[in-house]
Amino acid sequence: VAITTRLLVSHLSGIRHYEKDITKVKEEKEKANKAFKLTKPYQDKEQKEECSKGIEKTDSVKPRKEHEGEVKSRNSKPGKRDKEFEQEEYYLKEKFGSVIESLKIFKNDPLFFKPGDQFLYSTYGFTVLSAVVERASGQKFTDYMLKMFRDLDMLSTVLDDNEAMIYNRARCYVYNKKGRLVNAPYVDNSYKWAGGGFLSSVGDLLKFGNALLYSYQAGQFKNTNDKLLPGYLKPDTVAMMWTPVPKTEVSWDRDGKYAMAWAVVEKKQQCGCCRQQRHYASHTGGAVGASSVLLILPEELDSEAIDTGLVAPPRGVIVSIICNMQSVSLNSTALKIAREFDKEKWAQ
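What you are looking at is a predicted structure, and each value in this text was computed from that prediction instead of being measured. (Residues numbered from 1 in each chain as written. Predicted model: local features only at pLDDT ≥ 70, side-chain atom pairs only at ≥ 80, totals over all residues. Heavy atoms only, no water.)

1. Describing the sheet that holds strand β9 (residues 316-323)
With antiparallel pairing, the five strands of this open sheet are ordered in space as β5-β6-β7-β8-β9. Either end of the sheet is taken by a strand with one partner, and the two such strands are β5 (257-258) and β9. Examined bridge by bridge, strand β7 (residues 280-287) and strand β8 (residues 290-298) share seven bridges and lie antiparallel to one another. The residue of β8 that forms the bridge with A281 is I296. Against the sheet, helix α8 (residues 202-218) touches β8 and β9, its axis set at about 150 degrees to β9. (Pairing = 2+ DSSP bridges. Helix = DSSP H or I, 4+ residues; strand = E, 2+ residues; numbered from the N terminus. Contact = heavy atoms within 4.5 Å. Axes fitted to C-alpha atoms, helices over the stretch in contact; angles between N-to-C directions.)

Following this line, the structure appears as C-alpha cells:
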C-alpha cells in the first residue's frame with residue numbers, strides 16, 4: 001500500500017490511534033453511529049416544527065449535539081473518567097530523542113484498513129507526518145516548528161518539556177476514580193510532538209488563528225493597491241486545508257467533515273426558515289490533564305466592501321479556549337461564543 005501525506009493529514013492512513021484492538025475500535029464506531037441515528041429523528045422533527053411556525057433558525061440556534069463523548073460528559077456526573085484516557089500509551093514516560101525514534105512505538109503494528117478507505121483519528125499518523133517534515137526540511141521537527149512559531153510572534157508556544165523552566169506553566173488536573181480532583185500524572189510527550197506535544201497560551205493561539213484567517217482572505221481583496229502584505233500561507237493553500245475530504249467525519253460536530261488537520265463545517269441551508277450552517281474551521285485538543293479548542297469563524301465578506309477596500313483582513317471571529325482539566329468538551333462553547341460576537345458585530 002501507499003500512504004501519502006494527504007492521507008496522513010486527513011486521518012485516512014489506516015495507522016492506529018492509541019487503541020491497538022481493531023475490534024474495539026469498530027464497536028465504538030458502531031455505538032457512535034447508533035447514538036447519532038437515535039437523536040437525528042428528534043432533531044429533524046424539532047426543525048420542521050420551528051419552520052412551520054415561521055421561526056427562522058439562524059446562527060443563534062443551539063448547535064446539534066456534537067459528539068458521543070460530549071453528550072456523555074454533559075449527562076454524566078463530574079469526575080467520570082473518559083475511557084480513551086485509560087489507554088496506556090497516553091502515560092508514556094520514556095524520553096525520545098527524535099520523532100524518527102518515536103516511530104518504534106507503532107511502526108511494526110498492522111494497518112487497521114487500506115489507506116484511503118476509512119477515517120480513523122490517529123495521533124501516530126501525525127507522528128509519521130512530523131517525520132516527513134523533518135526529512136523534507138532537513139531540520140529537526142521541533143526546531144522547524146519553533147522557528148515557525150517565532151515567525152508568527154507566538155513567543156509563548158514551546159515544547160512541553162518536563163525539564164525546562166517554563167514561565168507561567170499551568171498545573172494540570174484530572175478526576176480520580178472516586179471523582180476527586182487530583183494532579184495529573186507525570187507524562188513525557190516527546191513521543192508525539194506533532195499530535196499534542198506543545199504548550200501554548202490563548203494569546204498565541206489567537207495569533208495563529210488570525211494568521212490563517214488573514215492568509216485565507218488576503219486573495220479576496222482586489223482594490224488594495226498592493227498595500228496588503230502577503231499571508232503566511234497562500235490563500236489557495238488555506239482554502240485547500242479547509243476543504244472537506246470525502247469519507248471523513250468529525251467527532252465534535254456532526255455537521256462537519258475532516259479536512260487537512262482541521263475540522264470544517266460548510267455553509268448550508270436546506271430550505272427557507274430552516275437552520276443555517278455557517279462556514280467555520282476548528283480543532284479540539286485533549287491530553288493528560290488538559291483540553292483545548294481553536295475555532296475560526298470567517299466573516300461573510302460583502303463584495304462592495306472588498307472591492308472598495310473599506311475593510312482589510314482578517315475579518316471574522318477567532319475563539320481559543322485552554323483548560324487545565326482533562327476530558328472537557330469545548331467546541332460547542334467556542335461556537336456559541338463566536339456566534340455571539342458575530343451577531344453583536346452585525347447588530348452594530
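2. Observations regarding the packing of aromatic side chains
For the structure on display, the rule yields 10 aromatic pairs. The interplanar angle of 25 degrees and the centroid separation of 4.7 Å between the aromatic rings of F106 and Y124 together place this pair among those described as stacked. You can see F106 sitting in the loop between α4 (99-102) and α5 (123-137) and its partner Y124 sitting in helix α5, a full 18 residues away along the chain. For F106, a relative accessible area of 7% corresponds to the buried category. Among the residues examined, Y124 registers a relative accessible area of 0% and is labelled buried. Aromatic side chains Y124 and Y191 sit 6.4 Å apart centroid to centroid with 55 degrees between the ring planes, which places their arrangement in the tilted category. Note that Y124 is positioned in helix α5 and Y191 in the loop between β3 (181-183) and α7 (193-196), a separation of 67 residues in sequence. In textbook terms, an aromatic cluster arises when at least three aromatic residues are bridged by ring pairs, as seen for Y18, F85, Y90, F106, Y124 and Y191. (Phe/Tyr/Trp six-rings, centres within 6.5 Å; stacked < 30°, edge-to-face > 60°. Buried < 20%, exposed > 50% of the residue type's maximum accessible area, 1.4 Å probe, protein only.)

3. Some remarks on unusual backbone geometry
For the bond running from P313 to P314, omega is 0 degrees, close enough to zero to count as cis. As for its position among the elements, P314 is in the loop between α10 (303-308) and β9. Notably, H11 is not glycine yet its phi reads approximately 60 degrees, a positive angle. Its place among the elements puts H11 in the loop between α1 (5-9) and α2 (22-52).

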